[in-house]
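Chain by chain, the residues:
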Amino acid sequence: MTSTEAAATALQDHAALWSMGEISASDVVRAACDALVAGLDSPGLRALAACTRAEADYDVHELLPEALNELGLTFYLVASDAGQAAAARALARRMLAGELTPREFTFRIHQRYGHELSLSERLAELYDEYDVLEYGDSTVDQVDAEVTAEARRLAAHPHVPAEPTDTPS
C-alpha cells in the first residue's frame, strides 16, 4: 500500500470513528494534515487541515463530507448501519496496529454496539469471555488470540455500500 493509500484509509477510518463519536474532531483534522503530507490533496482537504483545535468542533461537520467526496472517500451518516460497520473495521485496524489491547478493543465494541451489530457479534461475545476467565478453561492469551483473529477478519471484511448523505455533490 502506498503512503497516499494508507493516508486515505487512515482519513476514512478517522471520519468513520468521528461520525460514531469514537474520536474528537481535532483527531480528524490531524488525519487531514497527515493526508496532505502523504500527498493527498484537494481544496476541501486543505480547508479541513487548516482548522485550529478551537475551530474543529464547529467546522469538521461541514468540511469533512466535502473533503471526503473530493477524494472519492465515503462520509457515513451518524449512527448509520454502514457507519457503524466502518467504525468497527477502523477499531479493528487500530487494535492490529497496537493502539488498543485486545481487551480494550472488545470493550469498545461491546460498549458501542453490544451484541446488536452482526459484523462484530463474536467480539462482543469475547468481551464477555474476559469476565469469566477465572471460571473457565480459557486463558487471557487464548482469548487475546481469538480477538486478534476476529480483528483481522473484520479489518479485511468488504466495505459496506455507503448510505446517501445529505451533502450536495
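This text follows the structure it describes.
The structure displayed is predicted, hence computed values, not measured ones.

Calculation criteria
Residues numbered from 1 in each chain as written. Predicted model: local features only at pLDDT ≥ 70, side-chain atom pairs only at ≥ 80, totals over all residues. Heavy atoms only, no water. Core = buried A, V, L, I, M, F, W, Y, C linked by side-chain atoms within 4.5 Å. Buried < 20%, exposed > 50% of the residue type's maximum accessible area, 1.4 Å probe, protein only. Helix = DSSP H or I, 4+ residues; strand = E, 2+ residues; numbered from the N terminus. Contact = heavy atoms within 4.5 Å. 1 Å grid on protein atoms, 1.4 Å probe; cavity = no way out; pocket = protein on both sides within 12 Å on 5 of 7 lines; lining within 4 Å. Points joined across faces, edges and corners; volume = space filled by probe spheres on them. Nonpolar A, V, L, I, M, F, W, Y, C, P; charged D, E, K, R; others polar.

Undergrad: Before we move on, can you summarise the nonpolar core with the specific residues and values?
TA: Trp-18, Leu-48, Val-60, Leu-64, Phe-105 and Val-147 are the most contacted members of the largest nonpolar core, which has 47 residues in total. Counting residues per element, this core draws most heavily on helix α5 (residues 81–96), which supplies seven residues. Each residue touching Leu-48, except ones within four places of it in the same chain, is listed here: Val-28, Val-29, Ala-32, Val-60, Leu-63, Leu-64 and Ala-67.

Undergrad: Describe in detail the layout of surface pockets, supporting the description with residues and values.
TA: In this structure, the largest pocket encloses a volume near 170 Å³. Around the largest pocket sit Ala-10, Asp-13, His-14, Leu-17, Ala-90, Arg-93, Arg-94, Ala-97 and Glu-99, which together line it. At the level of elements, α1 (3–19) and α5 are the ones that each hand at least two residues to the lining of the largest pocket. No other element matches the four residues that α1 contributes to the lining of the largest pocket. Among the residues forming the lining of the largest pocket, the class breakdown is four nonpolar, one polar and four charged.

Undergrad: Can you break down the environment of Asp-141 residue by residue, with the values?
TA: For Asp-141, the position within the fold is in helix α8 (residues 140–156). The exposure class of Asp-141 is exposed, given its relative accessible area of 62%. Along the primary structure Asp-141 and Pro-102 are separated by 39 residues, whereas in three dimensions their C-alpha atoms are 9.8 Å apart.

Undergrad: Run through the environment of Thr-139, naming residues and quoting values.
TA: Residue position: Thr-139 is located in the loop between α7 (121–131) and α8. For the pair formed by Thr-139 and Glu-129, sequence separation is 10 residues and the distance between their alpha carbons is 9.7 Å.

Undergrad: Pulling in residues and values, what's your account of the environment of Tyr-130?
TA: Inspection of the secondary structure puts Tyr-130 in helix α7. Of the residues examined, Tyr-130 reaches a relative accessible area of 4% and is grouped as buried. Along the sequence, Tyr-130 and Phe-107 sit 23 residues apart, while their C-alpha atoms lie 9.7 Å from each other. Residues in contact with Tyr-130, not counting those within four places in the same chain, are Pro-102, Arg-103, Thr-106, Val-143, Asp-144 and Val-147.

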